[in-house]
Amino acid sequence: MSAAYTRLNQAVAKCKETLLGPDGWYDACMRVSNILTSMGRFNEASQWHSMAVETEPNPTQFHAKVAVLYVIQEEWDEAINWYSQLLEINPQYAEAHRNLAQIYSRLGDTDNEVIHWYEFLSHKPELGTPEGHVKLGDSLQEQGKFEQAAICYERAIVAKDQYWQAYDALAELRSKQKRWNDVADCYQRMLEQDPSKVEVHYNLGKVWLQQKHYDRAIAKFREINTLDPTFSQAYQSLVQCLVEREQWDDVVSTCRSATNSIEDLPWAYRQMGRALAQKGEEKEAIAAYQQVFQLHGWEECSKNDYQVIDDYFSDQIPLWQKHLQPLIKQEGGAALVIGSQQGIIPCWLLDKVLTHMSDELFCVDQAFSKAFDQNINQTSGLEKIVCLEGQPLSLLPELPSDCFDLIVVQERRRKADYTQQEMDLCWPLLKTGGVVIVQEYSWEHPGGPQHSPKAGVDSFLKTIKGQFDILSQEHQLIFKKKALSVVFSPLRGGKALF
């Protein structure tokens, strides 16, 4: 530190002493002014001269001027200390918060920077831009300061009419907090300014659906159907309301309206099928389900008249096609399906994956249903199927090891320990590079995890750590068997050890 700065700091310390009484105030301030003049800092010198001639010391002004001196010297800790003392003396001095925010920005201390920008704009919100208020609100959210963030979004709304970004941010924040009444209020305020915003109408309806305010939600979604007949999400949410209220006739009519207005809506045909089944109209329900699969590229479902009595599979078809491409292209492929249900998955595999004459499909189940037999007999690949009826835990050990390219497990109503035993038996049957698909992996039994397959599958995977790659882990689990690393040992004459 230069001699001039040393003298300056000493002079500042003398000024602080005189704050306790007026004696010596003039001389102390003039000493600072003279030192600043000698340093060529005339503007600051003039300010200290003006302070000197005041009849009484002004602690707020004094601390502010001292803090500035340390900012200029880039002595940040001292500057922070003096601004902090200033705020203890005068908490309403907004400029101190702004200057502290700028200092913390220089230091890379984002948390403290955000806090002081918030305090500054709390005193002077008119000095912030709408964009600045939203940005500050986002930063406060990241710090977990949700109420302060909400205040920032409200300030942005006040600063600029129809600033939708602020409304959206506020609604999203209140949604995270599950404060649904506040979310609804936010969307209603938006619609008061612009009733034509279909997306906002939809979001408001979703909030009411979340709150189980079915009448209001249904009315809102139907209003959207009138405003924009091509807005598919409104149809889907309306159907969800009607399903929850078990208004099956309305579900069917709404799905038909949706499919008349918009092409390619698999979900609408699926919900229509479920509603028709509830009404006892089985033939019409099957036709609706067949249409779902046709929209997913499985034309054979209608052509072969598979009797689909429920659809738990169509949404998974794109993911299966993605991960089963190697099997689709090869000849001599083999798949194993455990759990038959209505036979839809085996039929799809025969129509779309196991299409070569040399391919094979093994199906294992305790008992095959009438629906399974009927659908399997409709396929063009009946000669490729081997059906093994009996307890899977007894039948699986009889199958050849390293034989299958694909194993599908679709028995969700099995306890965790049973599922783990089943997976233990399946693993040796799978070829290297083969794929395992566990249907309804994330399904949760109301009795707890010990009654659900997920816990059993997870326990099994721990026993084969490092031997598989997870390809997808959502409602279903898809993983692939890795090739074991090869280690060459000179003690074995260069032979491979695994």
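Note that this is a predicted model, so its numbers are computed, not measured. (Residues numbered from 1 in each chain as written. Predicted model: local features only at pLDDT ≥ 70, side-chain atom pairs only at ≥ 80, totals over all residues. Heavy atoms only, no water.)

(A) Looking closely at the overall build of the protein chain. Counting secondary structure elements, the protein chain contains 25 helices and nine strands. Taking the intrachain contacts of the protein chain between residues at least 6 apart in sequence as the baseline, contacts between residues at least 24 apart amount to 59%. (Helix = DSSP H or I, 4+ residues; strand = E, 2+ residues; numbered from the N terminus. Contact = heavy atoms within 4.5 Å.)

(B) Focus on a negative patch on the surface. Taken together, the side chains of Asp 138, Glu 142, Asp 168, Glu 172 and Glu 199 present a region of like negative charge at the surface. Elements represented by at least two residues in the negative patch include exactly α8 (130-142) and α10 (164-176). By the element assignment, Asp 138 lies in helix α8. (Patch = residues over 30% accessible without salt bridge, like charges linked within 9 Å, V, L, I, M, F, W, Y side chains within 5 Å. Areas by Shrake-Rupley, 256 points an atom, 1.4 Å probe, with all protein chains shown as cover. Salt bridge = Lys/Arg side-chain N within 4 Å of Asp/Glu carboxyl O. Lys, Arg positive; Asp, Glu negative; His and termini not counted. Charge placed at Lys NZ, Arg CZ, Asp CG, Glu CD.)

(C) Expanded view of the nonpolar core. Tyr 187 and Phe 221 are the most contacted members of the largest nonpolar core, which has 61 residues in total. Beyond its immediate stretch of four places on either side in the chain, Tyr 187 contacts Ala 171, Val 200, Asn 203, Leu 204 and Val 207. The next biggest cluster of nonpolar side chains, apart from the first, holds 32 residues, and it includes Trp 298, Trp 348, Phe 368 and Ile 376. (Core = buried A, V, L, I, M, F, W, Y, C linked by side-chain atoms within 4.5 Å. Buried < 20%, exposed > 50% of the residue type's maximum accessible area, 1.4 Å probe, protein only.)

(D) Structural view of helix α21 (residues 344-352). With respect to burial, α21 is a largely interior element, eight of its nine residues being buried. All of the buried residues along α21 are Ile 344, Ile 345, Pro 346, Cys 347, Trp 348, Leu 349, Leu 350 and Asp 351.

(E) Examining helix α5 (residues 76-89) more closely. Between its first and last C-alpha atoms α5 spans 20 Å; for 14 residues at 1.5 Å apiece the expected length is 20 Å, and the two agree. Listed as buried for α5 are Trp 76, Ala 79, Ile 80, Trp 82, Tyr 83, Gln 85, Leu 86 and Leu 87. (Expected span 1.5 Å × (residues − 1).)

(F) Quick look at the sheet that holds strand β6 (residues 468-473). Strands sit in the order β3-β2-β1-β4-β5-β7-β6 across an open sheet of seven strands; the sheet is mixed. A strand with exactly one partner marks an edge of an open sheet, and here the two such strands are β3 (385-389) and β6. Taking the axes of each pair of neighbouring strands and ignoring which way they run, one obtains an average angle of 15 degrees across the sheet. As paired strands, strand β1 (residues 334-338) and strand β4 (residues 404-409) are joined by four bridges and run parallel to one another. Opposite Ile 338, over in β4, you have Val 409 as the bridge partner. (Pairing = 2+ DSSP bridges. Axes fitted to C-alpha atoms, helices over the stretch in contact; angles between N-to-C directions.)

(G) Empty space enclosed by the protein, seen in detail. Counted according to the given criterion, the structure contains one cavity of 30 Å³ or more. In this structure, the largest cavity is lined by Ile 407, Val 409, Met 423, Cys 426, Trp 427, Val 436 and Phe 460. Listing elements by their share of the lining of the largest cavity, those giving two or more residues are β4 and α24 (416-426). For the lining of the largest cavity, the class distribution of residues is seven nonpolar, no polar and no charged. (1 Å grid on protein atoms, 1.4 Å probe; cavity = no way out; pocket = protein on both sides within 12 Å on 5 of 7 lines; lining within 4 Å. Points joined across faces, edges and corners; volume = space filled by probe spheres on them. Nonpolar A, V, L, I, M, F, W, Y, C, P; charged D, E, K, R; others polar.)

(H) The pairing of strand β5 (residues 430-438), seen in detail. Across five bridges, the pairing between β4 and β5 is parallel. Within β5, the residue paired with Val 409 across the bridge is Val 438.

(I) Geometry of the confidence of the model for the protein chain. The pLDDT averaged across the protein chain works out to 87; a share of 84% of its residues lies at or above 70. Overall, residues 487-498 carries pLDDT values under 50, and its contacts beyond four positions in sequence, including any with other chains, amount to 16 contacts. (pLDDT = per-residue confidence, 0-100.)

(J) Just the layout of surface pockets, in detail. The volume enclosed by the second largest pocket comes to roughly 240 Å³. As for the second largest pocket, its lining consists of 14 residues, and the residues nearest its centre are Glu 113, Trp 117, Gly 132, Lys 135 and Leu 136. Ranked by the residues each element gives to the lining of the second largest pocket, the list is headed by helix α7 (residues 110-123), at six residues. For the lining of the second largest pocket, the per-class residue count stands at six nonpolar, six polar and two charged.

(K) Region of the structure containing the environment of Tyr 269. Along the chain, Tyr 269 turns up in helix α16 (residues 266-278). Separated by 19 residues in sequence, Tyr 269 and Ala 288 have C-alpha atoms that sit 5.2 Å apart. In contact with Tyr 269, not counting residues within four places along its chain, are Thr 259, Ala 288, Gln 291, Val 292 and Leu 295.

(L) Summary view of the side chain of Lys 481. Relative to the helices and strands, Lys 481 resides in strand β7 (residues 477-481). Buried charge without a salt bridge: Lys 481, with Asp 402 as the nearest opposite-charge side chain at an N-O distance of 5.6 Å. Within the structure, Lys 481 has its side chain in polar contact with the backbone oxygen of Leu 430 (distance 2.8 Å). With near-sequence residues (within four places) excluded, Lys 481 lies in contact with Trp 427, Pro 428, Leu 430, Lys 431, Thr 432, Gly 433, Gly 434 and Gln 467. (Polar contact = N/O pair within 3.5 Å; in protein donor to acceptor, adjacent residues only side chain to side chain.)

(M) Representation of the pattern of salt bridges in the model. According to the stated counting rule, one finds 20 salt bridges in the structure shown. Notably, a salt bridge pairs Glu 299 with Lys 352, separated by 3.5 Å at the nearest N-O pair. Of this pair, Glu 299 sits in the loop between α17 (282-295) and α18 (300-303) while Lys 352 sits in helix α21, and the two are 53 residues apart along the sequence. By relative accessible area, which is 22% here, Lys 352 ends up partly exposed. Look at the salt bridges and you will find they share partners, linking Glu 147, Arg 174, Arg 179 and Asp 182 into a network.

(N) Broad picture of the packing of helix α4 (residues 59-72) against α5. Their axes nearest at 8 Å, the elements α4 and α5 cross at an angle of 165 degrees. Considering their axes alone, α4 and α5 lie roughly antiparallel with respect to each other. As for the relative orientation of α4 and α5, their crossing is left-handed in sense. Along its contact with α4, which presents Pro 59, Thr 60, Phe 62, His 63, Ala 64, Val 66, Ala 67, Val 68, Tyr 70 and Val 71, the element α5 presents Trp 76, Glu 78, Ala 79, Trp 82, Tyr 83, Gln 85, Leu 86 and Ile 89. The residue inventory of the contact of α4 with α5, partitioned by class, reads 14 nonpolar, three polar and one charged. (Parallel < 35°, antiparallel > 145°, perpendicular 65-115°, else oblique. Left-handed = near helix turned anticlockwise from the far one by under 90°.)

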